[in-house]
Amino acid sequence: MYVAPSLLSANFLKLEEDVKAVCEAGADLLHIDVMDGHFVPNLTFGPCVIKNIQKISNTPLDVHLMVQNVSSFVDMFLPLKPKFISFHIEAENHPIRLCEHIKKQGVNAGIVLNPHTPISMMKHLIDYVDLVLLMSVNPGFGGQEFLPLVYEKISELRELIDKKNAKVFIEVDGGVNGLNASNLEEAGADILVAGSYIFSSKDYKTAISSLKLEF
Ligand code: DX5
Ligand code: ZN
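What counts and what doesn't
- Residues numbered from 1 in each chain as written.
- Chains lettered and ligands numbered in written order.
- Predicted model: local features only at pLDDT ≥ 70, side-chain atom pairs only at ≥ 80, totals over all residues.
- Heavy atoms only, no water.
- Helix = DSSP H or I, 4+ residues; strand = E, 2+ residues; numbered from the N terminus.
- Buried < 20%, exposed > 50% of the residue type's maximum accessible area, 1.4 Å probe, protein only.
- Lys, Arg positive; Asp, Glu negative; His and termini not counted.
- Salt bridge = Lys/Arg side-chain N within 4 Å of Asp/Glu carboxyl O.
- Polar contact = N/O pair within 3.5 Å; in protein donor to acceptor, adjacent residues only side chain to side chain.
- Contact = heavy atoms within 4.5 Å.
- Pairing = 2+ DSSP bridges.
- Axes fitted to C-alpha atoms, helices over the stretch in contact; angles between N-to-C directions.
- Donors = N, O, S within 2.8 Å, 3.2 Å for Na, K, Ca; no water.
- Tetrahedral: all angles 85-135°; square planar, octahedral: opposite > 155°, others 65-115°.
- Near = heavy atom within 4 Å.
- Areas by Shrake-Rupley, 256 points an atom, 1.4 Å probe, with all protein chains shown as cover.

## Regarding the side chain of D33
Point 1. Here D33 lies in strand 2 (residues 30-35).
Point 2. Within the buried set, D33 has no salt-bridge partner at all; the shortest N-O distance to an opposite charge, 16 Å, is to K153.
Point 3. Of note is the side chain of D33, whose polar atom sits 3.1 Å from the side chain of H64.
Point 4. Not counting the four nearest positions on each side in its chain, D33 is found in contact with S6, L8, T44, F45, H64, M66 and D173.

Written as C-alpha coordinates, this is what we have:
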(Lines give C-alpha, C1' and ligand atoms only; values in the text may rest on other atoms or scores of the structure.)
(Ligands and ions follow the chains in the order given, each with its own letter.)
Protein backbone atom coordinates (compact mmCIF):
# COMPACT_ATOMS: atom_id res chain seq x y z
CA MET A 1 0.00 0.00 0.00
CA TYR A 2 1.36 3.42 -0.98
CA VAL A 3 0.53 6.52 1.04
CA ALA A 4 0.21 10.02 -0.41
CA PRO A 5 -0.20 12.76 2.23
CA SER A 6 -2.36 15.60 0.90
CA LEU A 7 -0.57 18.91 1.44
CA LEU A 8 -3.96 20.65 1.58
CA SER A 9 -3.98 19.85 5.30
CA ALA A 10 -0.37 20.90 5.92
CA ASN A 11 0.42 24.07 7.84
CA PHE A 12 0.98 26.57 5.00
CA LEU A 13 2.93 28.85 7.35
CA LYS A 14 5.37 26.01 7.94
CA LEU A 15 5.09 24.24 4.60
CA GLU A 16 8.80 23.42 4.30
CA GLU A 17 8.83 21.85 7.75
CA ASP A 18 5.69 19.82 7.07
CA VAL A 19 6.84 18.61 3.64
CA LYS A 20 10.20 17.46 5.01
CA ALA A 21 8.52 15.81 8.00
CA VAL A 22 6.04 13.71 5.98
CA CYS A 23 8.76 12.71 3.52
CA GLU A 24 10.94 11.52 6.39
CA ALA A 25 7.93 9.79 7.94
CA GLY A 26 7.54 7.55 4.87
CA ALA A 27 5.35 9.39 2.33
CA ASP A 28 5.55 7.56 -1.02
CA LEU A 29 4.07 10.47 -2.97
CA LEU A 30 3.09 14.06 -2.16
CA HIS A 31 -0.55 14.64 -3.13
CA ILE A 32 -1.07 18.13 -4.56
CA ASP A 33 -4.69 19.32 -4.71
CA VAL A 34 -5.06 21.97 -7.41
CA MET A 35 -8.41 23.80 -7.20
CA ASP A 36 -9.63 26.57 -9.51
CA GLY A 37 -12.68 27.98 -7.69
CA HIS A 38 -14.91 26.80 -10.59
CA PHE A 39 -14.90 23.01 -10.65
CA VAL A 40 -14.81 23.11 -6.86
CA PRO A 41 -15.62 26.04 -4.54
CA ASN A 42 -12.06 26.52 -3.29
CA LEU A 43 -8.63 27.74 -4.42
CA THR A 44 -5.26 26.23 -3.59
CA PHE A 45 -1.77 26.16 -5.10
CA GLY A 46 -0.30 26.71 -8.55
CA PRO A 47 2.95 25.63 -10.22
CA CYS A 48 5.15 28.18 -8.43
CA VAL A 49 4.41 26.68 -5.00
CA ILE A 50 5.06 23.21 -6.42
CA LYS A 51 8.40 24.29 -7.93
CA ASN A 52 9.50 25.39 -4.47
CA ILE A 53 8.38 22.11 -2.93
CA GLN A 54 10.54 20.28 -5.49
CA LYS A 55 13.57 22.25 -4.26
CA ILE A 56 13.27 20.71 -0.81
CA SER A 57 11.99 17.21 -1.59
CA ASN A 58 12.65 14.38 -4.04
CA THR A 59 9.41 12.59 -3.18
CA PRO A 60 7.40 12.14 -6.40
CA LEU A 61 4.39 14.38 -6.87
CA ASP A 62 0.82 13.24 -7.39
CA VAL A 63 -1.07 16.18 -8.92
CA HIS A 64 -4.86 16.06 -8.54
CA LEU A 65 -6.48 18.69 -10.77
CA MET A 66 -9.90 19.80 -9.56
CA VAL A 67 -10.36 22.30 -12.37
CA GLN A 68 -12.72 23.13 -15.19
CA ASN A 69 -10.32 24.09 -17.98
CA VAL A 70 -8.40 20.84 -17.76
CA SER A 71 -6.00 20.91 -20.72
CA SER A 72 -4.58 24.35 -19.95
CA PHE A 73 -3.92 23.29 -16.32
CA VAL A 74 -2.30 20.06 -17.54
CA ASP A 75 0.11 22.12 -19.65
CA MET A 76 0.94 24.30 -16.63
CA PHE A 77 1.94 21.24 -14.56
CA LEU A 78 3.56 18.97 -17.20
CA PRO A 79 6.91 20.86 -17.20
CA LEU A 80 7.27 20.03 -13.49
CA LYS A 81 7.36 16.30 -14.39
CA PRO A 82 5.24 14.99 -11.52
CA LYS A 83 4.83 11.21 -11.20
CA PHE A 84 1.08 11.47 -11.90
CA ILE A 85 -1.28 14.12 -13.26
CA SER A 86 -4.93 13.23 -12.72
CA PHE A 87 -7.96 15.12 -13.98
CA HIS A 88 -11.69 14.72 -13.40
CA ILE A 89 -13.65 12.86 -16.06
CA GLU A 90 -16.61 15.15 -15.26
CA ALA A 91 -14.64 18.15 -16.59
CA GLU A 92 -13.07 16.79 -19.79
CA ASN A 93 -14.70 15.97 -23.14
CA HIS A 94 -11.65 14.34 -24.74
CA PRO A 95 -10.01 12.21 -22.05
CA ILE A 96 -8.24 9.78 -24.41
CA ARG A 97 -6.51 12.61 -26.26
CA LEU A 98 -5.51 14.27 -22.99
CA CYS A 99 -4.14 11.03 -21.46
CA GLU A 100 -2.04 10.47 -24.59
CA HIS A 101 -0.77 14.05 -24.38
CA ILE A 102 0.25 13.59 -20.72
CA LYS A 103 1.96 10.25 -21.39
CA LYS A 104 3.90 11.63 -24.38
CA GLN A 105 5.62 13.94 -21.89
CA GLY A 106 6.73 10.95 -19.79
CA VAL A 107 4.19 11.60 -17.02
CA ASN A 108 1.65 9.01 -15.82
CA ALA A 109 -1.96 9.89 -16.60
CA GLY A 110 -4.78 9.51 -14.11
CA ILE A 111 -8.54 9.96 -14.28
CA VAL A 112 -10.55 10.97 -11.23
CA LEU A 113 -14.16 9.96 -10.58
CA ASN A 114 -16.41 11.94 -8.26
CA PRO A 115 -18.39 9.86 -5.73
CA HIS A 116 -21.52 9.76 -7.94
CA THR A 117 -19.71 8.93 -11.20
CA PRO A 118 -20.08 5.23 -12.10
CA ILE A 119 -17.13 2.91 -12.82
CA SER A 120 -18.71 2.17 -16.21
CA MET A 121 -17.29 5.55 -17.32
CA MET A 122 -13.89 3.83 -17.32
CA LYS A 123 -14.89 0.87 -19.52
CA HIS A 124 -13.42 2.33 -22.72
CA LEU A 125 -10.74 4.40 -20.97
CA ILE A 126 -8.97 1.86 -18.81
CA ASP A 127 -6.38 1.04 -21.51
CA TYR A 128 -5.30 4.69 -21.71
CA VAL A 129 -4.68 5.45 -18.02
CA ASP A 130 -2.01 4.59 -15.45
CA LEU A 131 -4.18 5.43 -12.46
CA VAL A 132 -7.82 5.85 -11.47
CA LEU A 133 -8.48 8.06 -8.48
CA LEU A 134 -11.78 7.39 -6.74
CA MET A 135 -13.12 10.24 -4.63
CA SER A 136 -14.52 9.14 -1.29
CA VAL A 137 -15.73 12.69 -0.49
CA ASN A 138 -17.15 15.44 -2.68
CA PRO A 139 -13.97 17.24 -3.75
CA GLY A 140 -13.07 20.74 -2.60
CA PHE A 141 -12.09 20.51 1.05
CA GLY A 142 -10.03 18.45 3.45
CA GLY A 143 -11.45 16.96 6.64
CA GLN A 144 -14.76 15.68 5.27
CA GLU A 145 -16.47 12.45 6.21
CA PHE A 146 -15.60 9.29 4.25
CA LEU A 147 -18.33 7.98 1.91
CA PRO A 148 -18.51 4.16 2.19
CA LEU A 149 -20.02 3.90 -1.32
CA VAL A 150 -16.42 3.84 -2.57
CA TYR A 151 -15.86 0.23 -1.42
CA GLU A 152 -18.19 -1.16 -4.06
CA LYS A 153 -16.59 1.11 -6.67
CA ILE A 154 -13.09 -0.13 -5.81
CA SER A 155 -14.15 -3.78 -6.21
CA GLU A 156 -15.90 -3.03 -9.50
CA LEU A 157 -12.87 -1.15 -10.81
CA ARG A 158 -10.49 -3.92 -9.70
CA GLU A 159 -12.63 -6.39 -11.64
CA LEU A 160 -12.49 -4.22 -14.78
CA ILE A 161 -8.70 -3.81 -14.48
CA ASP A 162 -8.16 -7.54 -13.99
CA LYS A 163 -10.52 -8.46 -16.84
CA LYS A 164 -8.62 -6.19 -19.23
CA ASN A 165 -5.28 -7.31 -17.76
CA ALA A 166 -4.42 -3.61 -17.47
CA LYS A 167 -1.65 -2.17 -15.29
CA VAL A 168 -3.54 0.58 -13.49
CA PHE A 169 -3.23 1.86 -9.92
CA ILE A 170 -6.36 2.41 -7.86
CA GLU A 171 -6.11 5.45 -5.58
CA VAL A 172 -8.66 6.57 -2.99
CA ASP A 173 -8.97 10.17 -1.76
CA GLY A 174 -11.10 11.68 0.99
CA GLY A 175 -11.75 10.84 4.62
CA VAL A 176 -9.10 8.11 4.65
CA ASN A 177 -7.90 7.20 8.14
CA GLY A 178 -6.51 4.43 10.32
CA LEU A 179 -9.96 2.88 10.69
CA ASN A 180 -10.87 2.42 7.03
CA ALA A 181 -7.37 1.77 5.55
CA SER A 182 -7.46 -2.01 5.91
CA ASN A 183 -10.95 -2.25 4.39
CA LEU A 184 -9.79 -0.09 1.49
CA GLU A 185 -6.81 -2.34 0.92
CA GLU A 186 -8.99 -5.42 1.11
CA ALA A 187 -11.36 -3.93 -1.48
CA GLY A 188 -8.38 -3.44 -3.85
CA ALA A 189 -6.90 0.04 -3.34
CA ASP A 190 -3.17 0.55 -4.11
CA ILE A 191 -2.64 4.18 -3.05
CA LEU A 192 -4.30 6.01 -0.16
CA VAL A 193 -4.43 9.80 -0.01
CA ALA A 194 -4.81 11.25 3.47
CA GLY A 195 -4.76 14.87 4.54
CA SER A 196 -6.33 15.67 7.89
CA TYR A 197 -5.67 12.21 9.34
CA ILE A 198 -1.90 12.58 8.87
CA PHE A 199 -1.44 16.31 9.48
CA SER A 200 -3.64 16.43 12.57
CA SER A 201 -1.76 13.53 14.14
CA LYS A 202 1.00 14.15 16.66
CA ASP A 203 3.32 11.70 14.98
CA TYR A 204 3.32 11.59 11.16
CA LYS A 205 5.33 8.38 11.06
CA THR A 206 2.82 6.45 13.17
CA ALA A 207 -0.08 7.84 11.13
CA ILE A 208 1.53 6.93 7.78
CA SER A 209 2.52 3.47 9.05
CA SER A 210 -1.03 2.82 10.22
CA LEU A 211 -2.25 3.47 6.64
CA LYS A 212 0.41 1.17 5.23
CA LEU A 213 -0.84 -1.36 7.76
CA GLU A 214 2.63 -1.69 9.29
CA PHE A 215 2.50 -1.99 13.02
C1 DX5 B 1 -10.43 16.87 -1.39
C2 DX5 B 1 -9.02 16.59 -1.79
C3 DX5 B 1 -8.34 15.67 -0.87
C4 DX5 B 1 -8.23 16.16 0.55
C5 DX5 B 1 -8.26 14.95 1.44
O6 DX5 B 1 -11.06 17.56 -2.39
O7 DX5 B 1 -8.94 16.03 -3.08
O8 DX5 B 1 -7.05 15.27 -1.36
O9 DX5 B 1 -7.10 16.91 0.81
O10 DX5 B 1 -8.30 15.38 2.75
P11 DX5 B 1 -8.83 14.45 3.90
O12 DX5 B 1 -7.90 13.26 3.93
O13 DX5 B 1 -8.73 15.31 5.10
O14 DX5 B 1 -10.22 14.05 3.55
ZN1 ZN C 1 -7.00 15.14 -3.74
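## Quick word on the sheet that holds strand 5 (residues 108-113)
Point 1. Across the sheet, eight strands lie side by side as 1-8-7-6-5-4-3-2; this open sheet has parallel pairing. Edge positions in the sheet fall to strand 1 (2-5) and strand 2, since each has one partner strand and no second. Direction aside, the axes of adjacent strands within the sheet are offset by 25 degrees on average.
Point 2. Pairing geometry for strand 3 (residues 61-66) and strand 4 (residues 84-88), over four bridges, is parallel. Residue pairing across strands places D62 opposite F84, the latter belonging to strand 4.
Point 3. This element, helix 3 (residues 70-77), spans strand 2, strand 3 and strand 4 of the sheet and lies at about 155 degrees to strand 3.

## Let's talk about the coordination of the zinc ion (ligand 2)
Point 1. For the zinc ion (ligand 2), the full set of protein donor atoms is H31 (NE2), D33 (OD), H64 (ND1) and D173 (OD), at a range of 2.0 to 2.3 Å.
Point 2. Between the six donor atoms coordinating the zinc ion (ligand 2), the angles at the centre fall across 70 to 170 degrees, so the site counts as octahedral.
Point 3. For the zinc ion (ligand 2), the donor residues sit on a single chain with the sequence spacing H-x1-D-x30-H-x108-D. Linking D33 in strand 2 with D173 in strand 7 (residues 169-173), this pair joins segments that are 140 residues apart in sequence.
Point 4. Owing to a relative accessible area of 4%, D33 belongs among the buried residues under this scheme.

## A word on the pattern of salt bridges
Point 1. Counted under the stated rule, the structure contains four salt bridges.
Point 2. Note that K20 and E16 form a salt bridge whose closest N and O atoms lie 2.8 Å from each other. Separated by four residues within a single helix, K20 and E16 lie in helix 1 (residues 15-24), roughly one turn from each other.
Point 3. By relative accessible area, E16 is classed as partly exposed at 44%.
Point 4. A salt bridge links D190 to R158; its shortest N-O distance comes to 3.0 Å. Pair noted here: D190 is in the loop between helix 6 (181-187) and strand 8 (191-194) and R158 is in helix 5 (residues 150-164), with a separation of 32 residues, a long-range link.

## Concerning the site of ligand 1
Point 1. What surrounds ligand 1 is a group of 20 residues, the closest being S6, G140, D173, G195 and S196.
Point 2. In the environment of ligand 1, an oxygen atom lies 2.7 Å from a nitrogen or oxygen atom belonging to the backbone of G140.
Point 3. Take D173: an N or O atom from its side chain is 2.7 Å from an oxygen atom of ligand 1.
Point 4. The protein chains hide 100% of the 380 Å² of surface that ligand 1 would expose on its own.
Point 5. Looking at the shell around ligand 1, the elements that each hand over two or more residues are strand 2, strand 3 and strand 8.

## Thoughts on the environment of R97
Point 1. Structurally, the position occupied by R97 is in helix 4 (residues 95-104).
Point 2. Put simply, R97 and S72 are 25 residues apart on the chain and 13 Å apart in space, counted from C-alpha to C-alpha.

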